[in-house]
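An overview of the molecular structure
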Amino acid sequence: MSVPKAASVVVIGGGVVGCSIAYHLARRGQRDVVVLERETVGSGTTSKAAGGIRVQFPTETEVRFSLESIRVFERFEEEFGIDPGYRKIGYLFCVSDEDDLRGFEARIALQRALGGDVRVITPKEAQGLVPALFVDDLVAAVWGPGDGMAGPAEVTQGFARRARELGARIVEGVTVTAIDLERGRVRGVQTTDGAIAAPVVVNAAGPHAARVGRLAGVDIAVHPRRRHIFFTEPFPEIPGPVPLTTDRATGFYFRKEMEQLLLSPGDVEDVGDDPNVAVDGRRVEETVEKALRRIPVVEHARIAGGWAGLRPLTPDDHAIIGPAPGVEGFFLAVGFGGHGFQHSPATGRYVAEWLLDGRPSMDLSLFDATRFARGRAVAHDRGPDAE
Ligand SMILES: Cc1cc2nc3c(=O)[nH]c(=O)nc-3n(C[C@H](O)[C@H](O)[C@H](O)COP(=O)(O)OP(=O)(O)OC[C@H]3O[C@@H](n4cnc5c(N)ncnc54)[C@H](O)[C@@H]3O)c2cc1C
């Protein structure tokens, strides 16, 4: 499919965020929405996500994003005609430090006040949920039974499919190479397939957000960082389902995927923004060491493979959603770090409201694009870096 000559909105990036935005715009009746994807839909960092969905965030805005997104995942198949594989397996954080626990308690109060089901449980109770856990060094665990997981590919395809049915055009294999500006406002984009005139351009380029920002002369504080996930051969010694379980002391997390275990060392490493992220074999050893400490039975497991992806992080771990400073018509939906998949339903809705109604129906000042330049980055407790 070739690109049209004109569009009402051009969305750069056909990941889960871009596809959700296109869907919500089209659902609201916006015509001539075009998504441009350099590769194929969902092939970016969305394809690397572990699929985790939690209400356990540190701010009211993000907890509300989670609760709203969870409601969408719960009835996803009805709305999108695709089973997203949504399951409430829960999130379990193993806590071995009293100070860390105190940080959780403040956040849990907020999460519960907003309707989330999150509780502090004893190490023994944690072992009841995951019998393979070593708990002797834990002071407590934090349990979110309403948290869960779904398939990032299925969810992205769901958004893309309905967006297309509602008239949006999603063009794959096309790279945006320039953003045309005139007197400080967006006029359109140049692509490898020709120019498109458009009054609104949305940057949903995931780890390439900063690169795409530079096309419009805008600095965007998105810093991609590599994270690995390894998987074992079928491992019945830990029967599923188990919660997505994170060891706070090391950042290691695991969950069951069919018969296999998924294991992540929780690494955060600057390796540039090349989307073809290489796996560093040395991380296998680190992962196994961390795993042995929390689930000793993995000494009988065999690592069968793994992958690495880029998490588009910001300096305060909150996303950037809103108009880009200094360029009228340029909108940002970037910097989602390890939670862009799970927040994609709410993101799409509020971006569509912002573009169509002039402002969103929820206060999104947490995500203000100017906060880093103004030194206003939100300095609360960052909360668990779970995925
Ligand atoms: C190992 C790992 C585990 C994770 N686990 C979770 C999890 O459990 N839960 C969760 O919620 N999140 C998780 N995440 C984070 C999640 O993957 C991201 O936050 C989310 O996928 C971001 O989606 P996106 O649409 O913004 O980016 P992407 O999926 O990267 O989409 C951006 C798209 O833009 C395209 N693009 C870039 N530049 C251009 C251009 N110039 N022209 C055209 N197209 C362009 C790219 O090809 C890409 O497809 C994880 C990430 C990693 C790496």
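Residues numbered from 1 in each chain as written. Predicted model: local features only at pLDDT ≥ 70, side-chain atom pairs only at ≥ 80, totals over all residues. Heavy atoms only, no water.

Attention now moves to the sheet that holds strand 5 (residues 119–121). In spatial order, the strands read 5-6-4-14-15-16-13-17; together these eight strands make up an open sheet with mixed pairing. Both outer strands of the open sheet, strand 5 and strand 17 (303–313), are each paired with one neighbouring strand and no more. Within the sheet, the average angular offset between the axes of one strand and its neighbour, ignoring direction, is 25°. Here four bridges tie strand 4 (residues 91–95) to strand 14 (residues 244–247), and the two strands are oriented parallel to one another. Considered in strand 14, the bridge of Cys 94 is made with Asp 247. Its contacts with the sheet place helix 8 (residues 282–294) against strand 4, strand 13 (223–232), strand 14, strand 16 (260–264) and strand 17, and it is angled at close to 65° to strand 13. (Pairing = 2+ DSSP bridges. Helix = DSSP H or I, 4+ residues; strand = E, 2+ residues; numbered from the N terminus. Axes fitted to C-alpha atoms, helices over the stretch in contact; angles between N-to-C directions. Contact = heavy atoms within 4.5 Å.)

The subject of this paragraph is the domain arrangement of the chain. We note that the domain assignment places domain 1 (1–87 + 148–222 + 314–387) and domain 2 (91–145 + 223–311) within the chain. For domain 1 versus domain 2, the distance between C-alpha centres works out to 27 Å. Summed over both sides, the interface between domain 1 and domain 2 buries roughly 2700 Å², with carbon and sulfur atoms accounting for 54% of that surface. Three residues, Lys 48, Ala 50 and Gln 56, lead the burial of domain 1 against domain 2; their summed loss comes to 22% of the area buried on that side. One can count one salt bridge joining domain 1 with domain 2. The partner of Asp 273 in a salt bridge is Arg 211, and the shortest N-O contact between them spans 2.8 Å. Counting the contacts that link domain 1 with domain 2 gives eleven residue pairs in polar contact (both at pLDDT 80 or more). Broken down by secondary-structure element, the contributors of at least two residues to the side of domain 1 that touches domain 2 are strand 3 (52–53), helix 2 (60–74) and strand 7 (148–149). When residues in the side of domain 1 that touches domain 2 are grouped by element, the largest group, four residues, is from helix 2. Counted by class, the side of domain 1 that touches domain 2 contains 14 nonpolar, nine polar and ten charged residues. (Domains from an automatic or database assignment. Buried area = accessible area lost by both parts, 1.4 Å probe. Salt bridge = Lys/Arg side-chain N within 4 Å of Asp/Glu carboxyl O. Polar contact = N/O pair within 3.5 Å; in protein donor to acceptor, adjacent residues only side chain to side chain. Nonpolar A, V, L, I, M, F, W, Y, C, P; charged D, E, K, R; others polar.)

Attention now moves to the sheet that holds strand 11 (residues 194–197). Sheet strands line up and pair through hydrogen bonds in the backbone, either parallel or antiparallel. Across the sheet, which stays open at both edges, the three strands sit in the order 9-10-11 with antiparallel pairing between neighbours. A single partner strand is all that each edge strand has here, and the edge strands are strand 9 (176–182) and strand 11. Strand-to-strand, the axes of this sheet are offset by a mean angle of 25°, without reference to chain direction. By the bridge criterion, four bridges tie strand 10 (residues 185–191) to strand 11 in an arrangement that is antiparallel. Bridged to Thr 191 within strand 11 is Gly 194.

A few words on helix 4 (residues 98–113). An α-helical segment advances 3.6 residues per turn. Residues three or four places apart therefore align on the same side. An ideal rise of 1.5 Å per residue puts 22 Å on 16 residues; helix 4 measures up with 23 Å between its terminal C-alpha atoms. Of all the positions in helix 4, only Asp 100, Leu 101, Gly 103, Phe 104, Arg 107, Ile 108 and Gln 111 are classed as buried. Buried positions along helix 4 lie against helix 2, strand 4, strand 5 and strand 6 (140–144). At the N-terminal end of helix 4, a side-chain oxygen is found 2.9 Å from the backbone nitrogen of Asp 99, two or three residues along, and the residue is Asp 97. (Expected span 1.5 Å × (residues − 1). Buried < 20%, exposed > 50% of the residue type's maximum accessible area, 1.4 Å probe, protein only.)

With that out of the way, let us pick up the environment of Lys 290. Summarising the element assignment, Lys 290 is placed in helix 8. Assessed through its relative accessible area of 16%, Lys 290 is described here as buried. Sequence-wise, Lys 290 and Leu 181 are 109 residues apart; in three dimensions their C-alpha atoms are separated by 50 Å. In this structure, Lys 290 is in contact with Thr 250, Phe 252 and Pro 265, ignoring residues within four places of it in sequence.

Our next topic: the pairing of strand 19 (residues 330–334). The buried count for strand 19 comes to five of five residues, which makes it a mostly enclosed element. Neither face of strand 19 is left uncovered, since the one carrying Phe 330, Leu 332 and Val 334 and the one carrying Phe 331 and Ala 333 both have all their residues buried. Bridge count for strand 12 (residues 200–203) against strand 19 is three bridges, and the pairing is parallel. Note on strand 19: the bridge partner recorded for Val 201 is Phe 330. Bridging between strand 18 (residues 320–323) and strand 19 involves four bridges; their strand directions are antiparallel. Bridge pairing links Pro 323 to Phe 331 in strand 19. Hairpin connection between strand 18 and strand 19: a loop of six residues separates the two successive antiparallel strands, and Gly 326 in this loop has a positive phi of roughly 90°.

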